[in-house]
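Working through the structure, step by step
What follows is each chain in one-letter form.
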Amino acid sequence: MDRGAESNLGLAVGQANEVAVFWMNREGTIDWWSSGAERIFGYTSEQIVGQNVKRLFAPEDVARGMPQHELTVAEAAGIGEDDRWHVRADGSRFWGNGFVVATRDAQGKLLGFAKVVRNRTDVKEQLEALRNRVKSEQEASRRKDVFLATLSHELRNVLAPLTTGLEIIRRGLPATRELHLGMRIVARQAELMRSLVDDLLDLARINEGKVVLSLERVALERIAALVIEAHRAAADQRRQRLKGLFPDVPTLVNVDPDRMQQVVTNLVANALKYTPEGGTINVMTTVEGNEAVLTVEDTGIGIPAHVQPLIFDLFTQAERVPGAAAGLGIGLSLVKDIVTLHGGSVQVRSDGVGKGSAFTVRLPLVAEGD
Ligand code: ADP
């Protein structure tokens, strides 16, 4: 750099009001102080030159040896970056973002250090506010988890004697058609409620980390076939074609069979629920690389693009389907939680409303010889 450029640079540094720039010798004694430094720290050049840089640090950082540490890092690495509280002449603090550069002569001998600091208290405050918000949201979400757990346990406690009571009443009832029809309706609703409460309970257990998987080596096709058979009657009733399309070689996975059956059941039950009469539901398995892949595909009402990214979140529901049993938007969230517990993932694909949906579960594949 020629002399002119150097002195221009000196002027620019000296006059930059938004940044504090100062030079220190090897021991950290300040020997040059810019007008920006005066503005930001509140010391005039006469007050601070000759003092140690420690003066500008918060007492807790001085106690931790931070002023010396900054210089040591800068000397070893050439530059040291640091964000910390600094103390002004009047004792007030500001959050400084800056760096220290080691300056050397042509022979590489250390001359001293230059430090540049900007007042970024605004950023620090925004960060703190954000951190507090995240903390209070986490706390609220934890309280909601506790509430869910308590609610589902309490509902379960009420439901069990209610079902027993119903059964006692049923046995004692005179066998009139009306009474039996009435009982059937009550029993069906109680069953629906039981399945909602079971989902809630499962969710609470997963949230609390209480779900223990009993892993077994099984063929995905076996689980899928069981679920298809369990839904055969319901599909026939709605004239829906429900098919399993499986490869010749079984797709082996290491899973908790009951939990995986729960996953496939949720997906197949949804496919039936959200596909009009006469539609088709295919349950397919395949292998992609080292992943076992199960897809439940339907020709149903589809899922709008804007809902797809949220579909596995708790309580998300897209369209209400007239006549379909009420849901809570828990099923897919459970699917995701269970698949994740197994080290797998789940995706949705739909070309939009009316264009059908496909849910794909991916699990680690177990090789034949394992
Ligand atoms: P629920 O079915 O109890 O509402 P889920 O978590 O199982 O809860 O599903 C969440 C939402 O995702 C449903 O309300 C529905 O809008 C949508 N959905 C799930 N499966 C399908 C599907 N196969 N086709 C269309 N929409 C679906």
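Attention in this report is confined to the structure presented alongside it. (Residues numbered from 1 in each chain as written. Predicted model: local features only at pLDDT ≥ 70, side-chain atom pairs only at ≥ 80, totals over all residues. Heavy atoms only, no water.)

The next subject is the overall build of the chain. On a plain count of helices and strands, the chain comes out with 10 helices and 12 strands. Taking 21 Å as the expected radius of gyration for a compact globule of 370 residues, we find that the chain reaches 34 Å, considerably beyond that expectation. Counting only C-alpha atoms, the chain reaches 105 × 50 × 40 Å along its principal axes. Sorting the 370 residues of the chain into buried and exposed places 37% on the buried side. For the chain, restricting intrachain contacts to residue pairs at least 6 apart in sequence, the fraction spanning at least 24 positions comes to 60%. By element, 55% of the accessible surface of the chain is carried by carbon and sulfur atoms, the whole surface being about 21200 Å². (Helix = DSSP H or I, 4+ residues; strand = E, 2+ residues; numbered from the N terminus. Rg over C-alpha atoms; globule rule 2.2 N^0.38 Å. Buried < 20%, exposed > 50% of the residue type's maximum accessible area, 1.4 Å probe, protein only. Contact = heavy atoms within 4.5 Å. Areas by Shrake-Rupley, 256 points an atom, 1.4 Å probe, with all protein chains shown as cover.)

Ranked by internal contacts, the top residues of the largest apolar core, which has 42 residues, are V263, L267, V283, V296, I311, F359 and L363. Of the residues forming this core, the biggest block, seven residues, is contributed by helix α9 (residues 257-273). In terms of domain composition, this core takes at least three residues from each of domain 2 (126-207) and domain 3 (216-364). Setting aside anything within four residues of it in sequence, one finds F359 in contact with L267, L294, T295, V296, I303, I311, F312, L332, Q347 and V348. Counting 21 residues, the second largest nonpolar core, distinct from the first, contains V53, L56, A74 and F113. (Core = buried A, V, L, I, M, F, W, Y, C linked by side-chain atoms within 4.5 Å. Domains from an automatic or database assignment.)

This part takes up the pairing of strand β10 (residues 291-298). The element β10 is largely enclosed, with a buried count of six among its eight residues. Pairing of strand β9 (residues 280-288) with β10 involves eight bridges; the strand directions are antiparallel. Considered in β10, the bridge of T285 is made with L294. Where β9 hands over to β10, the hairpin turn is made up of two residues, of which G289 adopts a positive phi near 60°. Relative to strand β12 (residues 357-364), β10 runs antiparallel, the two sharing eight bridges. Each bridged residue has a counterpart across the sheet, and for L294 the counterpart in β12 is V361. (Pairing = 2+ DSSP bridges.)

Attention now goes to the side chain of H231. With respect to the helices and strands, H231 occurs in helix α8 (residues 220-237). The class of H231 is buried, set by a relative accessible area of 13%. Excluding residues that lie within four positions of it along the chain, H231 makes contacts with L242, T265, V268, A269 and L272.

Attention now goes to the packing of aromatic side chains. Considering all chains together, one arrives at seven aromatic pairs under this definition. When the centroid spacing of 6.0 Å and the interplanar angle of 90° are considered together, the rings of F312 and F359 count as edge-to-face. Remark: F359 occurs in strand β12 and F312 occurs in the loop between β10 and α10 (331-341); sequence separation between them is 47 residues. In this pair, the class of F312 matches that of F359, namely buried. (Phe/Tyr/Trp six-rings, centres within 6.5 Å; stacked < 30°, edge-to-face > 60°.)

Taken together, the buried positions of α10 are G331, L332, S333, L334, V335, I338 and V339. Lining the buried residues of α10 we find α7 (177-207), α9, β11 (345-349) and β12.

Residues other than glycine seldom take positive phi values, yet R239 does so here, at roughly 50°. Locating R239 in the fold gives a position in the loop between α8 and β7 (241-245). Here R239 falls in the exposed class, since its relative accessible area comes to 57%.

If you trace the five strands from one edge of the open sheet to the other, you get β7-β9-β10-β12-β11, paired in mixed fashion. Every other strand in the sheet has two partners, leaving β7 and β11 as the edge strands with one partner each. Within this sheet the neighbouring strands show an average axis-to-axis angle of 15°, counted without direction. Across the sheet, α8 is in contact with β7, β9, β10 and β12; its angle to β7 comes to roughly 170°. Packing of α9 onto the sheet brings it into contact with β7, β9, β10 and β12, and relative to β10 it is tilted by some 25°. (Axes fitted to C-alpha atoms, helices over the stretch in contact; angles between N-to-C directions.)

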